[in-house]
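Chains, contacts and geometry: an overview
One letter stands for each residue in the lines below.
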Amino acid sequence: MTKILTRYGDGSAVELTESELMEDLIAGTEDAAERGNIPAMTQDEMDHLADIFKCTHRVVGVDPGYECVLSYDGAPIKMLRTNVTSDRITALQIYEKLMGADTLEMGFVDYSYKPIKPILTFEEPLMEQALLTTTAPIMYGAQPNLGRYSQPDGPFPNPAELMPMGKIKEAQESYELAVDEAVKDMVDVASSMYESGVDCILLDTVGAAGDADALAGLRTAEILREKYPDIGIEMGMAGEFVLGMHGALEYEGVRLAGLYNHQMLELAQKAGVNIFGTVMNTSTTESTPWNLARAVTFTKACSDIADIPIHANIGMGVGGVTVHDHTPIDVTSRASKALVELCNLDGL
Amino acid sequence: MIDSALIEEAKKMLVAQDKDRVEEIAKKVIGDGQDPLELMNNAFIPGINEVGDLFGRGQLFLPELMQAADAMKVATDIINDALAAKGDGAQESGASVVVATVKGDVHDIGKCIVVSLMKANGFTVHDLGRDVDIDTILEKAVEVNADVIGTSALLTTTMNQQKTLEEALKSAGLKDRFRTVVGGAPVTPRWAARIGADAYAEDAHDGVVKIREMMAQK
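Residues numbered from 1 in each chain as written. Chains lettered and ligands numbered in written order. Predicted model: local features only at pLDDT ≥ 70, side-chain atom pairs only at ≥ 80, totals over all residues. Heavy atoms only, no water.

Per an unreviewed UniProt entry, chain B is named Trimethylamine corrinoid protein, and its organism is Desulfocicer vacuolatum DSM 3385. Its UniProt record, at the heading Sequence similarities (unreviewed entry), says of chain B: "Belongs to the methylamine corrinoid protein family." (UniProt positions renumbered as here; feature names shortened; annotations may be inferred.)

By the naming in an unreviewed UniProt entry, chain A is Dimethylamine:corrinoid methyltransferase, taken from Desulfocicer vacuolatum DSM 3385.

Points about the overall build of chain B
Counting its regular elements, chain B contains 10 helices and five strands. Computed over its C-alpha atoms, the radius of gyration of chain B comes to 17 Å, within 12% of the 17 Å expected for a compact globule of 218 residues. Every one of the 218 residues in chain B was classed for burial, and the buried ones make up 51%. Taking all contacts inside chain B whose residues are at least 6 apart in sequence as the whole, residues at least 24 apart take part in 71%. Total accessible area on chain B stands at roughly 9600 Å², and carbon and sulfur atoms take up 49% of it. With 24 positive and 35 negative side-chain charges, chain B shows a spacing of 4 Å between the two charge centroids. (Helix = DSSP H or I, 4+ residues; strand = E, 2+ residues; numbered from the N terminus. Rg over C-alpha atoms; globule rule 2.2 N^0.38 Å. Buried < 20%, exposed > 50% of the residue type's maximum accessible area, 1.4 Å probe, protein only. Contact = heavy atoms within 4.5 Å. Areas by Shrake-Rupley, 256 points an atom, 1.4 Å probe, with all protein chains shown as cover. Lys, Arg positive; Asp, Glu negative; His and termini not counted. Charge placed at Lys NZ, Arg CZ, Asp CG, Glu CD.)

As for the side chain of Q162(B)
Looking at the element boundaries, Q162(B) is found in helix α8 (residues 160–171). Those residues in contact with Q162(B) that sit more than four places away from it in its chain are V102(B), T151(B), S152(B), A153(B), V182(B), G183(B), V187(B), W191(B) and I195(B).

Quick notes on the pattern of salt bridges
One pass over the full model with this rule turns up 35 salt bridges over all chains. K103(B) is the salt-bridge partner of D131(B), the closest N and O atoms lying 3.8 Å from each other. In this pair, D131(B) is assigned in the loop between β2 (124–127) and α7 (134–143) and K103(B) in the loop between β1 (96–101) and α6 (109–120), connecting sequence segments 28 residues apart. Residue classification places D131(B) among the partly exposed residues on the basis of a relative accessible area of 34%. Given a relative accessible area of 38%, K103(B) falls into the partly exposed group. Across the pair K140(B) and E143(B) runs a salt bridge whose closest N-O atoms are separated by 3.5 Å. A residue pair is termed a helical-turn pair when its members lie 3 or 4 positions apart in one helix, as K140(B) and E143(B) do in helix α7 at three residues. A relative accessible area of 22% means that K140(B) is categorised as partly exposed. Judged by its relative accessible area of 59%, E143(B) falls in the exposed class. A single salt-bridge network, built from bridges that share partners, covers D31(A), R35(A), E240(A) and R294(A). (Salt bridge = Lys/Arg side-chain N within 4 Å of Asp/Glu carboxyl O.)

Notes on the interface of chain B and chain A
The interface is formed by 16 residues belonging to chain B together with 23 residues belonging to chain A. Buried area between chain B and chain A, both sides added, is near 1700 Å², and the carbon and sulfur share of it is 58%. Linking chain B to chain A there are two salt bridges. A salt bridge links R57(B) to E34(A); the shortest N-O distance between them is 2.8 Å. Linking chain B with chain A are 10 residue pairs in polar contact (both at pLDDT 80 or more), by the criterion used here. For the side of chain B that touches chain A, the secondary structure elements donating two or more residues are α3 (36–56), α4 (62–86) and α9 (189–195) of chain B. It is α4(B) that contributes the most residues to the side of chain B that touches chain A, four residues altogether. Taken together, the residues of the side of chain B that touches chain A sort by class into eight nonpolar, five polar and three charged. (Buried area = accessible area lost by both parts, 1.4 Å probe. Polar contact = N/O pair within 3.5 Å; in protein donor to acceptor, adjacent residues only side chain to side chain. Nonpolar A, V, L, I, M, F, W, Y, C, P; charged D, E, K, R; others polar.)

Looking at the sheet that holds strand β6 (residues 232–237) of chain A
Residues and elements named next belong to chain A. Spatial strand order, β3-β4-β5-β6-β9: five strands in an open sheet with parallel pairing. At either end of the open sheet lies a strand with only one pairing partner, and these are β3 (104–106) and β9 (275–277). Shown here is a sheet whose adjacent strand axes are inclined to one another by a mean of 25°, direction ignored. Sheet topology places β3 next to strand β4 (residues 138–142); three bridges connect them, and they run parallel. Within the sheet, the bridge partner assigned to M106 lies in β4 and is Y140. Together, β3 and β4 form the strand contacts of helix α6 (residues 120–133), whose direction differs from that of β4 by roughly 150°. (Pairing = 2+ DSSP bridges. Axes fitted to C-alpha atoms, helices over the stretch in contact; angles between N-to-C directions.)

Quick word on the nonpolar core
The biggest cluster of nonpolar side chains holds 155 residues, and the ones touching the most others in it are L49(A), I201(A), M264(A), L39(B) and F44(B). Sorting elements by how many residues they give to this core places helix α8 (residues 168–195) of chain A first, with 12 residues. Setting aside anything within four residues of it in sequence, one finds I201(A) in contact with Y113(A), Y140(A), A190(A), M193(A), L224(A), I231(A), G232(A), I233(A) and E234(A). In this structure, A100(B), L138(B), A168(B) and L169(B) belong to the second largest nonpolar core, which totals 14 residues. (Core = buried A, V, L, I, M, F, W, Y, C linked by side-chain atoms within 4.5 Å.)

Details of the domain arrangement of chain A
Residue and element names in this part refer to chain A. Split by domain assignment, chain A resolves into domain 1 (1–56 + 278–348) and domain 2 (67–277). One C-alpha centre belongs to domain 1, the other to domain 2; they are set 26 Å apart. Domain 1 puts 25 residues into the contact, and the matching count from domain 2 is 21 residues. Surface buried jointly by domain 1 and domain 2 totals about 1900 Å² across both partners, of which 59% is contributed by carbon and sulfur atoms. Between the two partners, domain 1 and domain 2, sit one salt bridge. Across the pair R294 and E240 runs a salt bridge, and its minimum N-O distance is 2.6 Å. Our count for the contact surface shared by domain 1 and domain 2 stands at 11 residue pairs in polar contact (both at pLDDT 80 or more). Going through the elements one at a time, α1 (18–36) and α11 (288–303) are the ones with two or more residues in the side of domain 1 that touches domain 2. The biggest single contributor to the side of domain 1 that touches domain 2 is α11, with four residues. (Domains from an automatic or database assignment.)

Notes on the sheet that holds β1(B)
In any sheet, the strands associate via hydrogen bonds between backbone groups, in a parallel or an antiparallel arrangement. Residues and elements named next belong to chain B. What the five strands build is an open sheet, ordered β2-β1-β3-β4-β5; its pairing is parallel. Edge positions in the sheet fall to β2 and β5 (199–200), since each has one partner strand and no second. As paired strands, β1 and strand β3 (residues 148–152) are joined by five bridges and run parallel to one another. Bridge pairing links T101 to S152 in β3.

This is how it looks when you write it as C-alpha cells:
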C-alpha cells in the first residue's frame with residue numbers, strides 16, 4: 001500500500017495510509033467546525049486537499065489562475081535574523097527584486113509601536129528613502145504589544161501579577177488604561193509614517209496580549225480611517241481566537257474575548273481595515289493533514305464572508321505549517337497551495 | 001463511594017469558580033470519612049481540566065481561569081492535609097519529585113495542576129515555581145536527593161530549556177542519578193525522545209502514571 005510522507009506539527013516525519021490521511025483531514029476540519037461554529041469542509045474540498053498531500057513532489061504550487069499577492073512578514077528584521085548583513089532598505093530591495101515580493105514591509109527591530117514613537121525622526125527619512133528605491137507598495141508594520149504598557153516596561157500595574165493575587169478588577173483597569181495609551185502611540189506612529197508616504201499601516205499580531213490588545217488595534221484602525229480616508233490598513237491576527245485576558249471588553253457592542261478570526265474580521269471591516277491577515281495555530285501533536293484541514297476550515301470561514309482581501313499568515317506554527325524556525329518547503333508549499341486554492345485567498 | 005450527585009456538583013462548582021462551595025464539599029467529604037482521593041480524581045481534576053479546555057477554546061477567560069485555579073488550590077490544600085493526617089503519602093510511592101516551569105516561561109497553571117495531583121497521589125513534591133533556571137533545578141534536585149525532575153514549558157521558544165537541562169545533567173554527571181519527565185502544550189513524546197528525557201507526560205494524570213512506572217523500575 002502506498003504511504004504518504006508528511007509530518008507532525010512539530011516537524012517529525014510520519015507516513016500515513018490513504019485512509020489515515022482522510023481520517024486526519026476529517027478530524028481536523030471537524031475540530032475547527034466545532035470550535036468556531038462554522039461549516040466543515042465538503043467532501044470535494046477534502047478530496048482536493050488529499051490530492052495535495054498525495055502528490056509525491058517535494059514542492060507543490062498553485063494551479064494557473066490562482067496566483068496571488070506574496071508578502072513577507074517582518075521583512076527587514078528577518079533578513080538580519082538570518083545573519084545576512086544588510087541594512088533595512090537593502091533587505092526590502094532583496095525581497096522585492098530577488099524574492100518576488102509583491103508588497104514590502106518596513107519595520108523596526110523591536111516591532112512594537114510604543115518604542116518607535118521616540119525614534120520617528122529616524123524612521124521617517126528611512127521610509128522616504130525606501131519608497132524612492134523600490135516599486136512595490138510598502139507597509140509600515142508593528143504590534144500593539146500591550147505588554148509594553150505594564151510594569152516593569154510601562155507605567156501601569158502588571159495584570160499578570162494582579163490576577164494571581166485575586167485583584168481582578170485592578171488587573172482589568174490596568175488593561176483599560178493600557179489600551180488608551182497604546183491607541184495614542186499607534187495613531188501617532190501611523191500618522192507620521194503615512195505622512196512620510198507609506199502605502200499601508202500594518203497593525204500586526206493584534207490580540208497577542210489578549211482582548212485589550214485587540215481592542216487597541218480596532219480603535220486605532222477606526223481613528224486612522226477617519227483621519228486619513230485613503231490610508232491602507234492591514235490588520236494581522238495573533239492567533240485563531242482572541243484570548244480573554246480582560247474578559248469583558250467590547251467593540252461595537254461585541255465582546256472581544258473568544259472571537260475567532262471570522263468574527264474579528266467583521267469588526268475589523270467595521271473599523272476601516274482594508275486587508276485582513278488570518279492566523280490559525282498549529283498543534284505540534286497532530287499531523288500536518290489534521291492541522292491544514294483545520295486551518296483551511298477556519299480560513300474559509302473568513303474568505304466566505306470577507307468584503308476585503310484576505311492575506312493568510314503561513315509560517316512557523318501557523319497556517320498549517322510546522323513549528324520550525326526555517327519551515328520545511330514540503331509543508332509550506334502544500335499549506336500555501338491548499339489555502340489559496342480552497343479559500344480563494346487574495347494573498348499570502 | 002462518594003454520592004455521584006455530590007461528585008458532579010463538586011466538579012460543576014469548580015468550573016463555576018465557586019470557591020466557598022468547593023471548600024464546603026471538600027470538608028464535608030473528609031468529615032464524612034470518605035476518600036479524599038476519589039473526590040480529587042473524579043471531581044476536581046476533571047473540573048480543572050474542563051476549565052483548561054474551555055479556556056483553550058475561547059469560551060472561558062483569564063479572570064475566570066484564575067478564580068477556578070484559586071478554588072482548586074483551596075480544594076487541593078484541604079485534600080492534601082487530609083491525606084497527610086491519614087498517613088497516606090510519600091511512603092506510598094517513595095517518589096521525591098522536583099517540579100518547575102522552565103526559565104523564560106511564566107505559565108504555571110498546568111504545572112500547578114500537576115503538582116496538586118502528584119501531592120494527592122502521595123509524592124513528595126518540591127515545586128520551584130515558574131521561570132526557573134537550570135542551575136536552580138539541579139541544585140534543588142541534589143539538595144533533596146530527588147528521584148525525578150519534572151519540567152513544564154508552554155512555549156516553543158522555552159521548550160529548548162528542557163533540552164538544556166538534559167545536557168546539563170550529562171555534563172554534571174547526574175544523568176543516571178535523576179529521571180526526567182517533560183510536559184507542556186508544545187511538548188511531544190518525539191521531543192522527549194529527541195532530547196533524551198526519560199518520559200513525556202501528556203497531562204497531570206499521565207505524569208503520575210509515568211513517575212510510578214519509573215519508581216517501579218528503579
